Amino acid sequence: MAAIQAKPTRMELSNLKKRKQVAVRGHKLMKDKRDELVRRFILYARRNKDLRLEVENKLSLAMRSFVLARAAMSGAQIEEALLYPARAASVETSTESVLSIPVPKLSMQTQEGYSYPYGYATTSAELDGAVQQLAEVLPLLLQLAETEKACGRLADEIEKTRRRVNALEYVMIPQFTETIRSIQMKLEENDRQNTTRLMKTKEMLEATR
């Protein structure tokens, strides 16, 4: 590991030791943050998996009901029956913070009550079931979108934090350590040389007496 270019002085040595202490503390904090991010990511990933399975199952049931409805009704009848929405709905977006990382929050506002947007005379019970199942799956789709986006943002932050931890652990801290060792060796060598010169000077002065 290449050392940092620095003057071999005691002041520079003191500054490097302080910078190394800061880097070591930062490394610990970043590792703790990374570990907590991974823990939160696992929780979101498990939630995402459960939601995806639930959504896929409910969509599968809804599609099966639509297939049965299609067998009992014509395409034109189904299209006419579903031409108007059963009730008005709106989606509101906001954000929440997970370890200072903004993740999306979605909420759906709907009108009170529920009624089918068609009459019962020309439609089948299977169509009623399909419409009801799709209405139930919509909030789950919003939750799934939330968790998938949160997983993506947490994964990005984990990767950034991992790179910072590795840079501190394998580059910066070793560079500080090597530079401090090099300066200490140089200063010790200078001290030995100074001591040797003083001893020789003392011997020369004693010899002239």
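Scroll up a little and you will see the structure.
Because the structure is predicted, anything quoted here is derived from the model rather than measured. (Residues numbered from 1 in each chain as written. Predicted model: local features only at pLDDT ≥ 70, side-chain atom pairs only at ≥ 80, totals over all residues. Heavy atoms only, no water.)

A. Examining the nonpolar core more closely. Grouped together as the largest cluster of nonpolar side chains are eleven residues: Leu13, Leu16, Ala23, Met30, Val165, Leu168, Ile173, Phe176, Ile180, Ile183 and Leu187. A total of seven residues in this core trace back to one element, the largest contributor, which is helix H3 (residues 125-208). Those residues in contact with alanine 23 that sit more than four places away from it in its chain are Leu168, Ile173 and Phe176. Formed by nine residues, the second largest nonpolar core is a distinct cluster that contains Val98, Ile101, Val103 and Ile158. (Core = buried A, V, L, I, M, F, W, Y, C linked by side-chain atoms within 4.5 Å. Buried < 20%, exposed > 50% of the residue type's maximum accessible area, 1.4 Å probe, protein only. Helix = DSSP H or I, 4+ residues; strand = E, 2+ residues; numbered from the N terminus. Contact = heavy atoms within 4.5 Å.)

B. Spotlight on H3. Helix length check: H3, at 84 residues, gives a terminal C-alpha distance of 122 Å against a target of 124 Å (1.5 Å per residue), a fit within 8%. Roughly 40° is the biggest bend found in H3, and it falls at leucine 168. (Expected span 1.5 Å × (residues − 1). Bend = angle between axes of the 7 residues up to and from the residue.)

C. Quick peek at the pattern of salt bridges. This model, assessed by the stated rule, comprises 13 salt bridges. In this structure, arginine 10 and aspartate 191 form a salt bridge, with 3.0 Å as the shortest nitrogen-oxygen distance. Here arginine 10, found in helix H1 (residues 10-72), pairs with aspartate 191, found in helix H3; they are 181 residues apart in sequence, far enough to count as distant. Accessibility expressed as a relative area gives 52% for arginine 10, which makes it exposed. The salt bridge partner of glutamate 146 is lysine 105, with a shortest N-O separation of 3.8 Å. Placement of glutamate 146 in helix H3 and of lysine 105 in strand S2 (residues 101-110) is noted, with a sequence separation of 41 residues between them. (Salt bridge = Lys/Arg side-chain N within 4 Å of Asp/Glu carboxyl O.)

D. Broad picture of the pairing of strand S1 (residues 89-98). Two elements, S1 and S2, share ten bridges in a ladder whose sense is antiparallel. Within S2, the position partnered with glutamate 92 by the bridge is serine 107. (Pairing = 2+ DSSP bridges.)

E. Highlighting the side chain of serine 65. If you trace the backbone, serine 65 turns up in helix H1. In contact with serine 65, other than residues within four places in its own chain, are Glu126, Gly129, Ala130 and Gln133.

F. The arrangement of the side chain of asparagine 48 in detail. Relative to the elements of secondary structure, asparagine 48 occurs in helix H1. Apart from residues lying up to four places away in sequence, asparagine 48 is in contact with Leu144, Thr147, Glu148 and Cys151.

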